[in-house]
Amino acid sequence: MSMIAAFYGGKAILITGATGFMGKVLMEKLFRTSPDLKVVYILVRPKQGQTLQQRVFQILDSKLFEKVKEVCPNVHEKIRAISADLNQNDFAISKEDMKELLSHTNIIFHCAATVRFDDHLRHAVQLNVTATQQLLLMASQMPKLEAFIHISTAFSNCNLKHIDEVVYPCPVEPKKIIDSMEWLDDAIIDEITPKLIGDWPNTYTYTKALGEVVVQQEGGNLNIAIIRPSIMGATWQEPFPGWVDNLNGPSGLIIAAGKGFLRSIRATPMAVADLIPADTVVNLTLAVGWYTAVHRPKSTLVYHCTSGNLNPCNWGKMGLQVLATFEKIPFERAFRRPNADFTTNNITTHYWNAVSHRAPAIIYDFYLRLTGRKPRMTKLMNRLLRTLSMLEYFVNRSWEWSTYNTEMLMSELSPEDQRVFNFDVRQLNWLEYIENYVLGVKKYLLKEDMAGIPEAKQHLKRLRNIHYLFNTALFLIAWRLLIARSQVARNVWFFIVSFCYKFLSYFRASSTLNV
Ligand SMILES: CCCCCCCCCCCCCCCCCCCCCC(=O)SCCNC(=O)CCNC(=O)[C@H](O)C(C)(C)COP(=O)(O)OP(=O)(O)OC[C@H]1O[C@@H](n2cnc3c(N)ncnc32)[C@H](O)[C@@H]1OP(=O)(O)O
Ligand SMILES: NC(=O)C1=CN([C@@H]2O[C@H](COP(=O)(O)OP(=O)(O)OC[C@H]3O[C@@H](n4cnc5c(N)ncnc54)[C@H](OP(=O)(O)O)[C@@H]3O)[C@@H](O)[C@H]2O)C=CC1
C-alpha cells in the first residue's frame, strides 16, 4: 500500500490554479491514487462566459480524467469549486465559503500564478507575491492545516548560475514592492521596472523570486515547502504519455516548427534543455505534501524539480528529435517544410529571420492579396519573432540546480511510493519522451486526427517540390541577370553549354556504336 496515497485519504485539500496545466495533472493524480480523499477545494474565477461548474465539467470531461472516472465515479461530488479571484482582496471569496475553507482545509497546494513573461509588474506582483501573502494569512487561520506547498520555478534565481535549494534574498524587500505598487501609477512603474528587476530577464521570474521570500518571511509556524520545477513539459507516463494543453514553454514552438513557421532559432545547441514532465512535477509535489505534513521539517525546505544534473538533454538534441518525429508524424496543412537552424550569431540570426521567416510571410501575404484574401502571415510571423525574443534568454544558457532535498526525499519513500509517485528523471528516455510530446501536441493541442497523416505527408512532398521549383526559378533569374551584365559570366555559360552539348553528342554516338 502506498503511504502517500493513504495519507491523502480523508483529507480536505485546497488547490489554487487547478484550472491550469499543472493544476489539472495534480487533481487527476490525487483522485486516481486517493479516491477516498474527502474534498478538493479549488479556487476558480468565472471565465469566458463560463460558470464555475461549467469550467469544472469541462475539465472532468477531458481525456485526462478518463481513468479517474473509473476509479472515482463520484469525482464531481468531491470537487468543490469556490468562486475566487486572486487579484481581489480576500480573493473575493464569500463569507460562507471562507468559513468552510478555514475550518476544513488540511493541505494547500498553491499553483496559481501569472506565467506570462511580459506581464505588467503591478499585475505580476499582485498575483505572484501579494496573493501568496494573502494565502499565507488565510493558512495561518486554518486550525487543521498540516502542510502548505508553494509552487515556484527553478528560474526564480535565473540571475545566478549555480542555484542551491535555499531561498535567496531579493535586492528590494517584497513588502516595499507590494506597498509601492499600491500608490505608483502605471507610467512610473513602467519606468522603474527595468531597474527593479535588474538582472532577472522578465517580471515573471522576478516576482516568483519575491514570492519565495514572502513565503519564507511570512510563513510563521506553518509547515511549508517550496517546489521549483524547471520547464514543465507534456506528461511522461501518467495518466498517459504526451498530455499537454497549453502553449507555454516548448509546446508553442513545437507547433510553430511543425507547421513550418519557425525554421531557425537563436539558441545554443549544447545548452541544457532543462525540461521536466508535468507528471514528474506532480509526483514530487504530492510526495512533498506528505513529507512536510508527516515529518514536519524544522525549516522551509526547497525542492528542485529539474532534469539537467541527473539526466541532461540539450536543445540541439531536442530540436533534432522534434524534427525526426515530424518526419513520422507530420502536422497537417504546414506552411513550409519543418526545418531547424540553430544559430548563436547575431548576423546569421538576422539573415535567417529575413530569409526563413519574414520573406516567405511577405510573399505569402502578397499571394493572399492577389487572390482577394486578407493578408495575415506577416502579423503572425511578427508575433512569433516577439515570442522567440522572450524565450531566447532560456535557450542560450545552462544552469546548475542542486537536488539534495529532492534526492533525500526519494530515499525516504518506500519502494511502493517510489513506484507510484516516481520523480526519478534518471529513468527518462529523452528520445521516446520527445516523440510522445510531439504526438501529444498534435493530438491534444492541435486536435488533429491520426488518420490525416498520409495526406499531411503528401502535402509536405508538394511543399518540397514547390521549394525545388522556386529555388530553380530563382537561380535561373539570377543567372540570366548576371549574364546580361557580365562578359565573364557569359563566357562561363557558353563554356558549360558547349561542354554539355559535347558530352551528350559523345554519349549518343557511343550508345549508337554499341547497338
Ligand atoms: C528552429 C526550429 C526549432 C525546432 C524545435 C523546436 C522545439 C525545440 C526548441 C524549444 C525551445 C523552447 C524554449 C522554452 C523556454 C521556456 C523557458 C521557460 C522558463 C520558465 C519556466 C516557468 O517557470 S513558467 C512557464 C513559462 N511561461 C511561458 O512559457 C509563457 C510564455 N509566453 C508569454 O509570456 C506570452 O505568451 C508571450 C510570449 C509574451 C506572447 O504574448 P502575446 O501577448 O503576444 O500573446 P499571447 O500570449 O496571447 O500569444 C500570442 C500568440 O503566440 C502564441 N504563443 C504563446 N506562447 C507561445 C510559445 N511559448 N511558443 C510559441 N507560440 C506561443 C499564442 O498561441 C498566440 O498565437 P495566436 O495569435 O495564433 O493565438
Ligand atoms: N508551466 C511551466 O513551465 C512552469 C510552471 N511553473 C509554476 O507552476 C505553477 C503552475 O503553472 P501552470 O499550470 O503552467 O500555469 P497556467 O498558466 O497553466 O495556470 C495558471 C493558473 O492560475 C490561475 N489564475 C491565474 N490568475 C488567477 C486569478 N486572478 N485568480 C484565480 N486564479 C488565477 C489560472 O486560472 P484561469 O484558468 O482562470 O486562468 C490557472 O488555473 C505556477 O506557479 C508556475 O509559476 C514553474 C515552472 C515551470
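Above this text sits the structure in question.
Residues numbered from 1 in each chain as written. Chains lettered and ligands numbered in written order. Predicted model: local features only at pLDDT ≥ 70, side-chain atom pairs only at ≥ 80, totals over all residues. Heavy atoms only, no water.

Draft legend 1. Quick peek at the packing of aromatic side chains. For the coordinates displayed, the defined rule picks out 25 aromatic pairs. Each ring, one from F21 and one from W243, has its centre 5.9 Å from the other, and the planes form 25°; the classification is stacked. Placement of F21 in helix α2 (residues 21-33) and of W243 in the loop between β8 (231-233) and α11 (250-258) is noted, with a sequence separation of 222 residues between them. Taking the centre distance of 5.9 Å and the plane angle of 40° together, the rings of Y364 and Y367 count as tilted. One end of the pair, Y364, and the other, Y367, are both in helix α14 (residues 346-370), 3 residues apart, so they sit about a helical turn from each other. The exposure class of Y364 is partly exposed, given its relative accessible area of 24%. Grouped by ring-pair contacts, the aromatic residues F117, F155, Y204, Y393, F394, W399 and W401 constitute a single cluster. Geometry around F7 places K11 over its ring, the cationic atom sitting 4.3 Å from the centre. Its end group placed over the ring of F240, K63 keeps NZ or CZ at 4.9 Å from the ring centre. (Phe/Tyr/Trp six-rings, centres within 6.5 Å; stacked < 30°, edge-to-face > 60°. Helix = DSSP H or I, 4+ residues; strand = E, 2+ residues; numbered from the N terminus. Buried < 20%, exposed > 50% of the residue type's maximum accessible area, 1.4 Å probe, protein only. Lys NZ or Arg CZ within 6 Å of the ring centre and 35° of its normal.)

Draft legend 2. Summary view of unusual backbone geometry. Cis geometry marks the peptide bond from E238 to P239; its omega dihedral reads -10°. Positive phi, close to 40°, is recorded for R296, a residue that is not glycine. Locating R296 in the fold gives a position in the loop between α12 (278-295) and β11 (301-305). A residue is classified by how much of its surface remains accessible, and R296, at 49% relative accessible area, is partly exposed. Positive phi, normally seen in glycine, also occurs at R333, with a value near 45°. With respect to the helices, strands and loops of the structure, R333 is situated in the loop between α13 (315-328) and β12 (341-343). Its relative accessible area of 67% is what places R333 among the exposed residues.

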